[in-house]
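# Coordinate analysis (summary)
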Amino acid sequence: MDLLSYGWTIPLFPLVVFAVVLATGRLLPKGVSVGLGIAAQAFVLAFALAAVALTQHGHSVGASMPWITVGGFEATVGFQIDSLTAVMLVVVSFVSLLVQVYSIGYMEHDERFRWYYGAISLFTASMLGVVLADGWLLMYMCWEVMGLSSYLLIGFWFEKPEAAAAAKKAFMVTRFGDVGFALSLVVVWWGSGTFEFEGTRHAIESGAWAGPAVTVAALLMFMGAMGKSAQFPLHVWLPDAMAGPTPGSALIHAATMVAAGVYLVARSYFMFEAGTLALSIVGTIGTITAVMGALIALAQNDIKKVLAYSTISQLGYMMLALGAGSLVAAMFHLVTHAFFKALLFLGAGSVIHATHTQDLREMGGLWRKMPWTCATWVIGALSLAGIPPLAGFWSKDEILMVAMHSGRVELVIAGVLTAGLTAFYMGRSTLMAFFVKPADPERAAHAHESPMVMTAPLAVLAIMAALAGLFNSPVGGYVFGKYLGHHEAAEPDLILMGIAVGVAAAGIALAWTMYVKRFVEPDVHLRPRAVSVPLTGLFWIDRIYEIAVVRPIMAMAAWSDRADAVVDGVVRAVGAAGLAASRGLDVFDHKVVDGAVNRLGESVVESGWRTRKLQTGNVQTYLWLLAFSVVVLVAVFAR
């Protein structure tokens, strides 16, 4: 039997780890929880690599079974493994494995160490379920479990108010997007009569399902993707999610939750291609998100917040590519981004672990103390900035090229602008953390390199961040695109490539002159209030939500609470009246009814008691009574 036919078992391995941790709690030795988690991910990665080898040339495997049958309605669930699935399996399992190895050092002294590995395993299992599902129904189920998993990880340190608030915010915002996903399932079933990807594809391609309903279903599905992949305006949860453990943040930002939205659009791409409106909206939202995220990142001083807004921007890049009509470019950037963004988050964790601060303004001079972390961080930062020949260069160039070929000039301009902004804020954060004069000499003096269990994953990810781009480049023969079934690769646009690289280099050079050479005053770009206020205020989007959504809901809740208090008052008054009436009836019952009955009974008893005295058993008494009675009778009748 084909190895791929056992694909449905893959999510079970990390799921079993979660179940074991949940069932045993503190009884499970730390080493066992780590060993189980890493072993499960290693097995999944081995299967994923085998799946890549076995799904070449369009080969795929799938199976399904009935889940619910009611009358003429039958819903099935199953799995399918094709080239797109295999790519995602590699990304998810590879990054998750390295995150779990890294976490041995980072989370070593946390009292909930075991539970952390359980939550990470559940998160990975749910993402694997999303990737392996052969239809939207099962995908939606795993999608919701992933929302729960993110809640558990973001709120891992729930004793901190900011972590608890961030977990709730992420849960609520992504749930809003999931409403769209749920509604899209209704439209898909109504239009195609099935929840399976291939069945819906056949219905669209055969013309059995066509018209505006397909566009509506696609846009509702995109609403779900907007929530998970933090697209404007549902991006507000992602920066706050930094309140969780940094390795968990790396997993969320690189390979699981945020990647799920892009994967959903990619998996459903035939629906988006059926109507140009849907793709146009995807491209527009992606463009806004890419530019907005990069602009806000310019003003961040928290090293994790810089990376968070960078993730938002890069996810926008992926959606821009999908909107421009290229699934390959979007997925290629998803893959390269997973490597260099996981690298950067784990690098940030290494810095935080050594300095005990997340504020870039309190860092500096760390390159001498942390050479491995610094070297790998620089590779990740340059890859994210799109500097050749690193992975990010090839994937960003591909996106700009497809945007140019789509004829939408605004996408190209936004893409180039975002590339420049990205290079600047990554140059800024890199220089402030590692190369400028230490802002706190004592903190810098106590900084130290992280243990090998943390730096080894950084080295592996640095290699991938440097070389993974070659898989879809002229050097690599565009293997990635051909693997996904797109055999024609467009020739590189050298002029556009040169402009993008030049803009990125200019961004890095500007950061160097500002923060190292100080030819320009540091953070001078934030001096004008017209710039600093919207950037530090996050373009007032959170404020708008606060005024337009949160406050009205809280006011409604307060009004409902007051109305409920009135209802409770009435209920309590009725209850008190009933209680008083029952007490009165109780008194009447005891004093009147029971009293009369008891008195009658007592009278009978008393009469009986007195009457019984007539029966003494004394013969003389009876003779005297008899004589007395005779005398009375004679006296009465003698008259």
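About the cut-offs
Residues numbered from 1 in each chain as written. Predicted model: local features only at pLDDT ≥ 70, side-chain atom pairs only at ≥ 80, totals over all residues. Heavy atoms only, no water. Helix = DSSP H or I, 4+ residues; strand = E, 2+ residues; numbered from the N terminus. Buried < 20%, exposed > 50% of the residue type's maximum accessible area, 1.4 Å probe, protein only. Contact = heavy atoms within 4.5 Å. Axes fitted to C-alpha atoms, helices over the stretch in contact; angles between N-to-C directions. Parallel < 35°, antiparallel > 145°, perpendicular 65-115°, else oblique. Left-handed = near helix turned anticlockwise from the far one by under 90°. Nonpolar A, V, L, I, M, F, W, Y, C, P; charged D, E, K, R; others polar.

## Description of the side chain of T418
Tracing the backbone through its elements, the reader meets T418 in helix α19 (residues 409–435). The buried category is assigned to T418, whose relative accessible area is 1%. Every residue in contact with T418, bar those within four places of it in the chain, is listed here: A290, V291, A294, S313 and Y317.

## Points about unusual backbone geometry
In this structure, the amide linkage connecting F232 to the following residue, P233, adopts the cis form with an omega of 0°. Its location among the elements puts P233 in the loop between α8 (212–228) and α9 (237–240). Residue P389 is bonded to the preceding P388 through a cis peptide linkage, with omega at 0°. The topology assignment puts P389 in the loop between α17 (371–385) and α18 (391–405). The backbone phi angle of H356 is positive, close to 60°, even though this residue is not glycine.

## Regarding the packing of helix α15 (residues 327–355) against α18
Helix packing for two helices is described by the angle between their axes and how far apart those axes are. Across the interface, α15 lies against α18 with an axial gap of 9 Å and an inter-helix angle of 155°. Relative to α18, α15 is oriented roughly antiparallel. Note that α15 runs across α18; the crossing there is left-handed. Of the residues in α18, those in contact with V328, A329, F332, H333, T336 and F340 of α15 are A391, G392, W394, S395, K396, E398, I399 and V402. Residues belonging to the contact of α15 with α18 are distributed by class as follows: eight nonpolar, four polar and two charged.

## Remarks on the environment of A565
By secondary structure assignment, the location of A565 is in helix α25 (residues 541–611). Owing to a relative accessible area of 41%, A565 belongs among the partly exposed residues under this scheme. Spatially, the C-alpha atom of A565 lies 43 Å from that of Y309, the residues being 256 residues apart in sequence.

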